[in-house]
Amino acid sequence: MTKKRVVLTFPHEIVSQPVVYYLVKDYNLMINILRARVTPQEQGRLVVEISGKKKELEAGMNYLAELNIDIQSLTRDIKWHENKCVHCTACIPHCPTDAISLDRDTMKVSFDKQKCIACELCIPTCPYQAIEIVI
Ligand code: SF4
Ligand code: SF4
């Protein structure tokens, strides 16, 4: 049994298709949805743990790639540098797990490592390099 944690970003034309159903039915995979979100532009994003036999997992990943679904593996760790953060909130809408959040009373941003799944979606959004990938 192989297990993989990934972020799947669906183009808007795929959002309404039962992709997860086909992964289960046709590729015999188990899907644990950790987080799901559809943006106002109707781009879909799923954070999932997929497990199954190695060959079936590979075939399922190929199926997703053929649908132009972007697949990002969750393998690395993330470090937030509080001293570099200017609390601009640019990263917050991109975090699928609310690991980065805003306290609306103080207007300060904070990072909860326990919630972070290292999807790296916040990294390019920070103009101050306050979020770093740790390998
Ligand atoms: S890597 Fe960034 S966007 Fe992804 S869960 Fe962690 S804090 Fe949120
Ligand atoms: S984008 Fe960077 S500077 Fe802005 S709140 Fe997020 S971590 Fe802080």
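Nothing here was measured: the structure is a model prediction, and the numbers come from that model. (Residues numbered from 1 in each chain as written. Chains lettered and ligands numbered in written order. Predicted model: local features only at pLDDT ≥ 70, side-chain atom pairs only at ≥ 80, totals over all residues. Heavy atoms only, no water.)

Moving on to the side chain of His81. Along the chain, the position of His81 falls in the loop between β5 (77-80) and β6 (100-103). Judged by relative accessible area, which is 17%, His81 ranks as buried. A polar atom in the side chain of His81 sits 2.7 Å from the side chain of Glu132. In contact with His81, other than residues within four places in its own chain, are Gln129, Ala130 and Glu132. (Helix = DSSP H or I, 4+ residues; strand = E, 2+ residues; numbered from the N terminus. Buried < 20%, exposed > 50% of the residue type's maximum accessible area, 1.4 Å probe, protein only. Polar contact = N/O pair within 3.5 Å; in protein donor to acceptor, adjacent residues only side chain to side chain. Contact = heavy atoms within 4.5 Å.)

Take the site of ligand 1 next. Surveying the vicinity of ligand 1 reveals 13 residues, the closest of which are Cys95, Cys116, Cys119, Glu120 and Cys122. If you map ligand 1 onto the pockets, it falls in the second largest cavity. (Near = heavy atom within 4 Å. 1 Å grid on protein atoms, 1.4 Å probe; cavity = no way out; pocket = protein on both sides within 12 Å on 5 of 7 lines; lining within 4 Å. Sits in = over half its atoms within 2 Å of the grid points.)

Bringing the packing of helix α1 (residues 19-27) against helix α2 (residues 54-66) into the picture now. Contact pair α1 / α2: the axes reach a minimum separation of 10 Å and the direction vectors enclose 145°. By crossing handedness, the relation of α1 to α2 is classed as right-handed. Packed against α1, whose contacting residues are Val19, Tyr22, Leu23 and Tyr27, the element α2 presents Glu56, Ala59, Gly60, Tyr63 and Leu64 at the interface. In the contact of α1 with α2, the residues fall into 7 nonpolar, 1 polar and 1 charged. (Axes fitted to C-alpha atoms, helices over the stretch in contact; angles between N-to-C directions. Left-handed = near helix turned anticlockwise from the far one by under 90°. Nonpolar A, V, L, I, M, F, W, Y, C, P; charged D, E, K, R; others polar.)

With that settled, consider empty space enclosed by the protein. Following the criterion strictly, the structure yields 2 cavities of 30 Å³ or more and no others. Space inside the largest cavity adds up to approximately 100 Å³. Around the largest cavity, the lining comprises 16 residues; the ones closest to its centre are Cys85, Cys88, Cys91, Cys126 and Ala130. Of the residues contributing to the lining of the largest cavity, the split by class is 12 nonpolar, 3 polar and 1 charged. The calculated volume of the second largest cavity comes to roughly 80 Å³. What lines the second largest cavity is a set of 13 residues, and nearest its centre among them are Cys95, Cys116, Ala118, Cys119 and Cys122. In terms of residue class, the lining of the second largest cavity is made up of 11 nonpolar, 1 polar and 1 charged. (Points joined across faces, edges and corners; volume = space filled by probe spheres on them.)

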